[in-house]
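# Observations on the model geometry
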Amino acid sequence: MTFTDLHHRAAPLLLPNAWDVASALALADAGFPAVGTTSFGVAASGGSPDGGRASKQATQVLAQKLRGAPFYLSADIEDGYGDDPEEVAAYAAGLGVDGINIEDSTDERLIDPARHAAKVAAIKRTSPSLFVNARVDTYWLGQEATVEESLARANAYVAAGADGIFIPGATDPSELRHLVNGIHAPVNTLVHPELTLAELGVLGVRRVSTGSLPYRSAMDAAVRAATDVRDGGTPPNATPYRVMQERLVRHHRAQRRD
């Protein structure tokens, strides 16, 4: 089973998104065969807001630290951290991951789809086996957020070699069905606020990402743990220190052997 194969099973691939080594290892131990990174979580954990290419170095470091881990890894690389397609392709190739997610917006504005298609084509020329998930930000940004514009962008990226299309922010079931039927590649959405994974599968969605939800939930849990104790409660249940430490020790040893 390859990372690509995971997008063609009966049920959609649920791709949880990690922000550091410990969260990626924990998700893998929970039984997920593939883990993605979240640019928001990676940037925020380093003290920077999302976007603006702030997560470039941290994503590269995280990918290196997870190299050789026993699960597929897909890296969220914002807009590729550059405008030159060949430089973007070289960066993606150097990550050593199984897939990448690359968005067609920069600084919260959609870019010319031809420019994004050029990045996709360059990445596939340089790394033919890398799963390129091309993100369409029409709905996410509320810019040209129509089925027609989204399909035009998506199919331009598929023609350039994209292996999958990610359309975050598209939530209307009718629109999702039109998008899925009009795109000749696996379609990826974010976790839906009202539809289950199975229901998204019925609509034809092949991959569902958690995005920054696990990171934001972890922040909420950390605050609750502290405030519960402060306010007279008892400490919440959590994975024991020794279990988490052993995960990291095993991973560190495996990396040293490699």
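Notes on the structure follow. (Residues numbered from 1 in each chain as written. Predicted model: local features only at pLDDT ≥ 70, side-chain atom pairs only at ≥ 80, totals over all residues. Heavy atoms only, no water.)

### Details of the pairing of strand S5 (residues 99–103)
Buried residues dominate S5, accounting for 5 of its 5 residues. Residue alternation in S5 divides its side chains into two sets, Gly-99, Asn-101 and Glu-103 and Ile-100 and Ile-102, and both sets are buried. Two elements, strand S4 (residues 72–76) and S5, share 3 bridges in a ladder whose sense is parallel. From the neighbouring strand, Ser-74 faces S5, where its bridge partner is Gly-99. Between S4 and its parallel partner S5, the chain crosses via helix H4 (residues 85–95), and the hand of that crossover is right-handed. Strand direction decides the pairing type here: S5 and strand S8 (residues 131–135), joined by 5 bridges, are parallel. Paired with Ile-100 across the bridge in S8 is Val-132. (Buried < 20%, exposed > 50% of the residue type's maximum accessible area, 1.4 Å probe, protein only. Helix = DSSP H or I, 4+ residues; strand = E, 2+ residues; numbered from the N terminus. Pairing = 2+ DSSP bridges. Right-handed = clockwise from strand over helix to strand, strands pointing away.)

### Regarding the side chain of Thr-138
Assignment of secondary structure puts Thr-138 in helix H6 (residues 138–141). Side-chain polar atoms of Thr-138 contact the side chain of Ser-150, separated by 2.7 Å. Residues contacting Thr-138, with those up to four places away along its chain left out, are Leu-110, Gln-143, Glu-144, Ala-145, Glu-149, Ser-150 and Arg-153. (Polar contact = N/O pair within 3.5 Å; in protein donor to acceptor, adjacent residues only side chain to side chain. Contact = heavy atoms within 4.5 Å.)

### Description of the pattern of salt bridges
Think of it this way: side chains of opposite charge can pair up when their charged atoms draw near. Tallying each qualifying case throughout the model produces 12 salt bridges. Asp-137 is the partner of Arg-135 in a salt bridge, and the nearest nitrogen-oxygen pair spans 2.5 Å. Both residues of the pair, Arg-135 and Asp-137, belong to the buried class. Here the residues in one salt-bridge network are Arg-53, Asp-79, Asp-83 and Arg-115, joined through shared partners. (Salt bridge = Lys/Arg side-chain N within 4 Å of Asp/Glu carboxyl O.)

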